[in-house]
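Chains, contacts and geometry: an overview
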Amino acid sequence: MATAASAATTKRAERFANVEPLETISRSRAEAADQAAQVPGGASILLEALRYRGANAKQLGLPAQLWCADFMNYVIKKAGAKGTHSRAARSFLEFGRKLDGPRVGAIAILRRGGPQNGHVGVVRGTDGQGNPILISGNSGNMVRQSAYPKEKVLAYVMPPDYVLKEITNAARAAAIKQQQQLQ
């Protein structure tokens, strides 16, 4: 009996031995932007999503129920591009180029409930077990940073080229406008 209890304790200790994040969680918006630079357009999308942490659907002018995809489209629009124009989280499965794993600034699509249900958010990092940490809407009725089980991930996607061009053009226009105002 004592050996079985000892084995269980050892197994539990091994399970929690590696709690270091696989990739660090950025402490600031600037660090988040630097990490998201590995996904073209990801920095703009991540920084835009971070701006709304703690906001609820009503504050953003979004529907009060099932609004994670609405939030993702809102963030992409605020970054200067067009999203999927769908209220379905799984619409983002066809939105861009699939990646082989989580990347800061990528869009993560997760399974939730039935075959048509899902959740979507922007990858902020990963925890020590490789679970993605997302900034997403409709997470406890607000925009929140939360870790999700990696087993629920359907795909990680990078926005398509036309979205990246729209984001780049919007950022360029904003920079030119700001420069003109300083002159």
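Our subject in this report is the structure included herewith. (Residues numbered from 1 in each chain as written. Predicted model: local features only at pLDDT ≥ 70, side-chain atom pairs only at ≥ 80, totals over all residues. Heavy atoms only, no water.)

Let us look at unusual backbone geometry. A positive phi angle, near 60°, is found at His 85, a position not held by glycine. Following the sequence through the fold, His 85 ends up in the loop between helix H5 (68–78) and strand E1 (97–99). Exposure remark for His 85: the relative accessible area of 68% places this residue in the exposed category. In this model, Asn 141 sits at a positive phi of 65°, which is unusual for a non-glycine residue. Considering the arrangement of structural elements, one finds Asn 141 in the loop between strand E4 (132–136) and strand E5 (144–147). (Helix = DSSP H or I, 4+ residues; strand = E, 2+ residues; numbered from the N terminus. Buried < 20%, exposed > 50% of the residue type's maximum accessible area, 1.4 Å probe, protein only.)

Scanning all chains against the criterion turns up four aromatic pairs. Taking the centre distance of 6.3 Å and the plane angle of 85° together, the rings of Tyr 52 and Phe 71 count as edge-to-face. Taken as a pair, Tyr 52 in the loop between helix H3 (42–51) and helix H4 (57–60) and Phe 71 in helix H5 lie far apart in primary sequence, 19 residues in all. On the basis of an interplanar angle of 70° and a centroid distance of 5.3 Å, the ring pair of Phe 92 and Phe 95 is categorised as edge-to-face. Assessed through its relative accessible area of 0%, Phe 92 is described here as buried. Connected via pairs of aromatic rings, a cluster forms that spans Tyr 52, Trp 67, Phe 71 and Tyr 74. (Phe/Tyr/Trp six-rings, centres within 6.5 Å; stacked < 30°, edge-to-face > 60°.)

Let's shift gears to H5. Within H5, nine of the eleven residues are buried, which leaves the element mostly enclosed by the surrounding structure. Every buried residue of H5 is listed here: Cys 68, Ala 69, Asp 70, Phe 71, Met 72, Asn 73, Tyr 74, Val 75 and Ile 76. Immediately downstream of H5, the backbone of Gly 80 shows phi near 105°, a positive value.

Its location among the elements puts Pro 115 in the loop between strand E2 (107–111) and strand E3 (118–126). Through-space distance from the C-alpha of Pro 115 to that of Arg 90 is 9.7 Å; in sequence the pair is 25 residues apart.

This part is about the pattern of salt bridges. Across all of its chains, the model carries three salt bridges by this definition. Glu 48 is paired through a salt bridge with Arg 51; the nearest N and O atoms lie 3.4 Å apart. Remark: Arg 51 and Glu 48 occur in helix H3; sequence separation between them is three residues, near one turn of the helix. Between Arg 87 and Asp 70 there is a salt bridge; the shortest N-O distance is 2.8 Å. With Arg 87 in the loop between H5 and E1 and Asp 70 in helix H5, the pair connects residues that are 17 residues apart, well separated along the chain. The exposure class assigned to Arg 87 is partly exposed, which follows from its relative accessible area of 43%. (Salt bridge = Lys/Arg side-chain N within 4 Å of Asp/Glu carboxyl O.)

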